[in-house]
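# Fold and geometry: a report
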Amino acid sequence: MTRASKPSLTLMARAACLALTAPALLAQAQEAAPKLERVEITGSSIKRLEGEQALPVQTIKREEIAKAGVTTAAELLKNISAAAANLGDGASISDNTGGQRGFNGANLRGVGVSSTLVLLNGRRLANFASPGDAAGVDLNSIPAGAIQRVEVLKDGASAIYGTDAIGGVINFITRQDYSGIDLAAYASGTQEGGAGKRTFTISGGSGDLQRDGYNVFATLDVQALDALRSTQREFIQERPLTETVPYYLSSRPYPGNIRLASNAGARAEQLAAINAAGYTFNGKPYTQRTLNLFAPACNPPASVYAPTQIGAEACGYDYMADTEIYPKSDKLSFLTRGVMKLGEGRQLFGEVLMARADTEYVLSPNPTTLSGMTWSAVNAFLPKPVSNGRTFEIRFRAKELGNRTNEVRSDANRVVVGTTGTVFGDWDYTAALSHAQNKVADRYVDGYFKFNELLDAVRAGKINPFGPSPESSRGLIESLRVDDVARRSEGTTSGLDFKLTGSLAQLEGGDLGLAVGAELRRETQRFTPSALLISNNIGGDRDSTGTSPAPEATNYGRNITSAYAELSAPVSKQLELQAAVRADHYEKVGSSVNPKLGLRYQPSKTVVIRGSAGTGFRAPTFSELYRPATYGTSPAFLYDAVFDAFDQYPTEKVANPDLKPEKSKQFSLGIAFEPSSTSLVSVDYWQIRKTDVISDLSGKIILENAERYASYIKRDPADDYPTLILRKENQGGLKTSGIDLEARWRSAATDMGRFGLNFSGTYVMHYQRQFGSAEPYLENAGRFLQDQVIQRWRHRISADWDFGPLSLTLANSYFSAYTDDSYLPGTEPRQVKAYSLWDLSGSYRFNERLSVRAGIQNLLNTAPPFSNQSYYFLSTFDPTYTDPRGRNFFVSLNYKLR
């Protein structure tokens, strides 16, 4: 792709060529053969019989979703073996994506949320609006109650869909041409408490398209999910950080630690004054720079004595003892779709989606550092007063101001209006206008405070950093609380698309199919920080160095023009060749042309050999190009040899307007065969190569190579304490390959009922990442590396038994063992155990109207395996693929009015 401000001549020539040659091709088309019942399948613009495509598409039907007991799109993604390192609520709670709490994103092949395209009924939605490290559709905006099936294209598809489709495409397809009323209720509860759920769905449709000439369908879906606190799970209590990963303990406990002067002479004076006041530590004088006058008692279970990690005379803080690991959430979605015959083979259709998700994230109290403190300000809160004029720091948890709590509201809307019909004999056309919008409001409701005012209050002796403050200070503490919508974001995607499909000629194997189309799209993103956020005075969200510019409001937009063509050539009864090419131009970024070739060979009625090869691209997002600097702390606890300590160091995330698009090459080859008329087995090899990967250097790489990446570190002149600069760049590459296996079997009817088996598995052969152009490729498959794990093997298998009105399903989800994160230099590698979950569900159909289903998820109450990873805020397990809820019971009721 080359940078340009106007569409390239090549792109314009290709688009013009497609437009000019279409009528000539139509004129040459032969008289159509009798029409077959054909549908459009994800990954192709040409209507075809199911199973004819050369691409591997996994279809998950409504009945399978119900059997699994899942009620959200994000939950469903965990059952797709081709997905890895998804962005769910457990990972999102840490906000390591930079201002994107509330975002649930899909990640096929583990190549990135931004490289997985999510569609609804074959068209795009607006991406999650909050600017951050990931870009994609928030799965919370998918109306779960309206889903009829999900088609997962496990192959790159930039030649069909354009940007973002490097890892694959997930197409959520809603019910259509439905009449009647369906009522559905669902409730679940966990064995140990917390994370309960209630849902209610009402769906209704009217009209028969063939008989009445119209159909209107609508679904209203309401969901309420309860929070889950760390104190409610035994496996968390059995893994205190002091005994498992002590280097992850925070040095900001409650009561607070005192950090004395960096100058050795001044520190000696302070220690002398403390000891002269009568303080001793286990009968001996204090000698350390970091100390706690309440140690070793500290204040368990969160504030703990950890002499090796924090200091022999100080306290540490186990944040996992005082946080939530599953957020409270309320979801509401409404979708309606209508279609009407216009005559002469033409139809008018429309679709409206409205979805809202309110999610509450609760973390431990704010870790706070206050400098310039004097003994006179805190003596009233100490057992014995200390007399010394030197200043010091207090590092503590602002417990009296509550746990950090964010309420994130995400509103998603989309309107589609279009028409379909037949022209020039048997050529079909589709044209549509669409407008999609996503709005996100991130509100700070507890645990955040006005930093300068808190600093002044502690310096004035009005607030106690070591325990409860005086009753007279209650009003002051309340006045410091921040209740503020700190970040408002809005993103839109508006488009006009047109597509023409039909047959050019009759070949030996069937119709020579052609699809040509064009698309105009407008994308915008607006970000509005609050006045308080701009002031850099929110404790927990501020630039502690005070050297960087304040966040500012931004408003960006760009136009995208695209043209594409696809050809399906069944040259014989056995062999079909498929080809596609798409040209895209992104305003202010440049142009790209991506071809794809496919092959489908059927040597017999029971065997199909398929393959494809193509290229892909991902245009840099507005956030990656233009986002104002954001401030936080490293998600992982990192070791800095210069400062000689483990800590979550301050970070500054920086955009880069000079980014180039990512590029990719994909290849797949597979075979599908039917051992019998009731079974199907497929094996597919896949390979993806990405270059110019858009990323920032990880904090771990920066600190491990401090001299090479000195420009990425700001150090405090007083003590060399680092702030890490995480700048978006085109860094290195990615190479991954593997094998997908699928199998389905269903028995004939017997006296014992019917039996069925469904299996989907993925084996990752290689997943090699390059973190920066100067870094070597490192193997991520079967190993947690920097920010994620890619298990070698993942599968989902289910066994069904249907006996009249009774149906039972036993299913297993499996994630193989892998090498853990090496969090400490020189640490011997350890293995994270395999994770295997069994689910059992059963349904009973009382009559044509009423049915009930009940089940148990995580039947054996298997806890997430222990992991060293610290990239995500939640420690001692990996929240990207595990489920901390434990054994979960659910029941659902469905009633139909026809």
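Residues numbered from 1 in each chain as written. Predicted model: local features only at pLDDT ≥ 70, side-chain atom pairs only at ≥ 80, totals over all residues. Heavy atoms only, no water.

## Things to note about the overall build of the chain
Regarding its fold elements, the chain presents 14 helices and 50 strands. Against the 2.2 N^0.38 benchmark of 29 Å for 898 residues, the chain shows a C-alpha radius of gyration of 30 Å, consistent with a compact globule. Counting all 898 residues of the chain, 57% fall into the buried class. When the accessible surface of the chain is totalled, it reaches about 35400 Å², and 56% of it is carbon and sulfur. Positive and negative side-chain charges in the chain, numbering 97 and 94 respectively, have mean positions lying 1 Å apart. (Helix = DSSP H or I, 4+ residues; strand = E, 2+ residues; numbered from the N terminus. Rg over C-alpha atoms; globule rule 2.2 N^0.38 Å. Buried < 20%, exposed > 50% of the residue type's maximum accessible area, 1.4 Å probe, protein only. Areas by Shrake-Rupley, 256 points an atom, 1.4 Å probe, with all protein chains shown as cover. Lys, Arg positive; Asp, Glu negative; His and termini not counted. Charge placed at Lys NZ, Arg CZ, Asp CG, Glu CD.)

## A look at the state of the cysteines
Per the stated rule, a full pass over the model turns up one disulfide. Covalent S-S linkage joins cysteine 298 and cysteine 315, the inter-sulfur distance amounting to 2.1 Å. Given an S-S torsion of about -90°, the disulfide between cysteine 298 and cysteine 315 has left-handed geometry. In this pair, cysteine 298 sits in the loop between strand E11 (290-291) and strand E12 (303-304) while cysteine 315 sits in the loop between E12 and strand E13 (316-317), placing the two residues 17 residues apart along the sequence. Comparing cysteine 298 with cysteine 315 shows no difference in burial state: the two are buried. (Disulfide = S-S within 2.5 Å.)

## Description of the packing of aromatic side chains
In the structure shown here, the tally under the stated rule is 25 aromatic pairs. Centroid distance phenylalanine 815 to tyrosine 881: 5.2 Å. Interplanar angle 45°. Geometry classified as tilted. Placement of phenylalanine 815 in strand E45 (residues 806-815) and of tyrosine 881 in the loop between strand E49 (850-857) and strand E50 (888-897) is noted, with a sequence separation of 66 residues between them. Arranged with centres 5.9 Å apart and planes meeting at 80°, the rings of tyrosine 835 and tyrosine 881 form a pair that is edge-to-face. Here tyrosine 881 lies in the loop between E49 and E50 and tyrosine 835 lies in strand E48 (residues 835-845), a separation of 46 residues in the sequence. Here tyrosine 835 and tyrosine 881 have matching classes, each one buried. An aromatic cluster of at least three residues, connected via ring pairs, comprises Phe815, Tyr818, Tyr835 and Tyr881. Over the face of the ring belonging to tyrosine 279 we find lysine 384, whose NZ or CZ atom lies 5.7 Å from the ring centre. Just above the ring of tyrosine 777 sits the side chain of lysine 735; from NZ or CZ to the centre is 4.3 Å. (Phe/Tyr/Trp six-rings, centres within 6.5 Å; stacked < 30°, edge-to-face > 60°. Lys NZ or Arg CZ within 6 Å of the ring centre and 35° of its normal.)

## As for the environment of threonine 750
Among the structural elements, threonine 750 can be located in the loop between strand E39 (733-746) and strand E40 (754-770). Judged by its relative accessible area of 42%, threonine 750 falls in the partly exposed class. In sequence terms threonine 750 and phenylalanine 803 are 53 residues apart; their C-alpha atoms lie 9.2 Å from each other.

## Things to note about the confidence of the model for the chain
Summary statistics for the chain give a mean pLDDT of 90 and a share of 93% for residues scoring 70 or more. Taken as a whole, residues 1-37 scores under 50 in pLDDT and shows 58 contacts with residues more than four places along the chain or in a different chain. (pLDDT = per-residue confidence, 0-100. Contact = heavy atoms within 4.5 Å.)

## Here we look at the nonpolar core
With 36 residues, the main nonpolar core has Ile274, Leu293 and Trp375 as its most contacted residues. Taken together, the elements giving at least two residues each to this core come down to helix H8 (264-276), strand E17 (367-373), helix H9 (375-378), strand E18 (392-397), helix H10 (451-459) and helix H11 (474-480). Ignoring sequence-local partners within four residues, the contact set of leucine 293 consists of Ile258, Ile274, Tyr279, Tyr286, Trp375 and Leu382. Residues Leu77, Ile80, Ala83 and Ile147 belong to the second largest nonpolar core, which totals 28 residues. (Core = buried A, V, L, I, M, F, W, Y, C linked by side-chain atoms within 4.5 Å.)

## A short note on a nonpolar patch on the surface
Together, Ile181, Phe200, Ile202, Leu220, Val222, Leu332, Tyr895 and Leu897 give the surface a local cluster of nonpolar side chains, amounting to about 580 Å² of exposed area. Broken down by secondary-structure element, the contributors of at least two residues to the nonpolar patch are strand E7 (197-206), strand E8 (214-225) and E50. Looking at where valine 222 falls in the secondary structure, it is placed in strand E8. The partly exposed category is assigned to valine 222, whose relative accessible area is 34%. (Patch = residues over 30% accessible without salt bridge, like charges linked within 9 Å, V, L, I, M, F, W, Y side chains within 5 Å. Salt bridge = Lys/Arg side-chain N within 4 Å of Asp/Glu carboxyl O.)

## Some remarks on H10
Among all positions of H10, only Phe451, Leu454, Leu455, Ala457 and Val458 are buried. Buried residues along H10 cover an arc of 165° about the axis, so they all sit on one side. Contacts from the buried residues of H10 go to E17, H9, E18, strand E21 (449-450), H11 and strand E24 (538-539). Looking at the residues trailing H10, positive phi occurs at glycine 461, about 75°. (Arc of directions from axis to C-beta.)

## Some remarks on the sheet that holds strand E1 (residues 57-61)
Spatially, the five strands line up as an open sheet ordered E1-E4-E5-E2-E3, and their pairing is mixed. At either margin of the open sheet sits one strand with a lone partner, and together these are E1 and strand E3 (123-124). Pairing between strand E4 (residues 147-153) and strand E5 (residues 168-174): six bridges, direction antiparallel. The residue of E5 that forms the bridge with glutamate 151 is asparagine 171. (Pairing = 2+ DSSP bridges.)

## Quick look at the sheet that holds E11
Strand-to-strand pairing in sheets goes through backbone hydrogen bonds, with the strands running parallel or antiparallel. Strands sit in the order E11-E10-E18-E17 across an open sheet of four strands; the sheet is antiparallel. On the outer flanks of this sheet lie E11 and E17, each paired with one strand and no other. Taken together, the two bridges between strand E10 (residues 257-259) and E11 define a ladder with antiparallel strand orientation. By the bridge assignment for E11, isoleucine 258 is matched with leucine 291.

## Observations concerning the pattern of salt bridges
Tallied over the entire structure, the rule returns 54 salt bridges. Among the salt bridges present, the one from arginine 211 reaches aspartate 212, with a minimum N-O distance of 3.1 Å. What makes aspartate 212 partly exposed here is its relative accessible area of 35%. Notably, a salt bridge pairs arginine 414 with glutamate 351, separated by 2.4 Å at the nearest N-O pair. Here the residue arginine 414 occupies a position in strand E19 (residues 403-423), and glutamate 351 occupies one in strand E16 (residues 346-365), the gap between them amounting to 63 residues. Of the two residues, arginine 414 and glutamate 351, both sit in the buried class. Among the charged side chains, a salt-bridge network with shared partners connects Glu519, Arg521, Glu523, Arg558, Arg582 and Asp584.

## A look at the side chain of lysine 728
Position of lysine 728 relative to the elements: it lies in the loop between strand E37 (722-727) and strand E38 (729-730). Among the polar contacts listed, one links the side chain of lysine 728 to the side chain of aspartate 133, at a separation of 3.3 Å. There is a polar contact of 3.3 Å between the side chain of lysine 728 and the side chain of aspartate 696. Not counting the four nearest positions on each side in its chain, lysine 728 is found in contact with Asp133, Glu624, Val654, Ala655, Asn656, Leu659, Ser695 and Asp696. (Polar contact = N/O pair within 3.5 Å; in protein donor to acceptor, adjacent residues only side chain to side chain.)

## Quick word on H8
An ideal rise of 1.5 Å per residue puts 18 Å on 13 residues; H8 measures up with 18 Å between its terminal C-alpha atoms. Looking only at H8, the buried set comprises Ala266, Gln270, Leu271, Ala273 and Ile274. Projection of H8 onto a plane perpendicular to its axis shows the buried side chains occupying an angular sector of 160°, all on one side. Among the exposed residues of H8, those pointing more than 90 degrees away from its buried face are Ala264 and Ala276. As for H8, its buried residues are in contact with E11, H9 and E18. The opening residue of H8 is asparagine 263, an N-cap whose side-chain oxygen sits 3.0 Å from the backbone nitrogen of glycine 265. Once H8 ends, the next one or two residues include glycine 278, with phi positive near 100°. (Expected span 1.5 Å × (residues − 1).)

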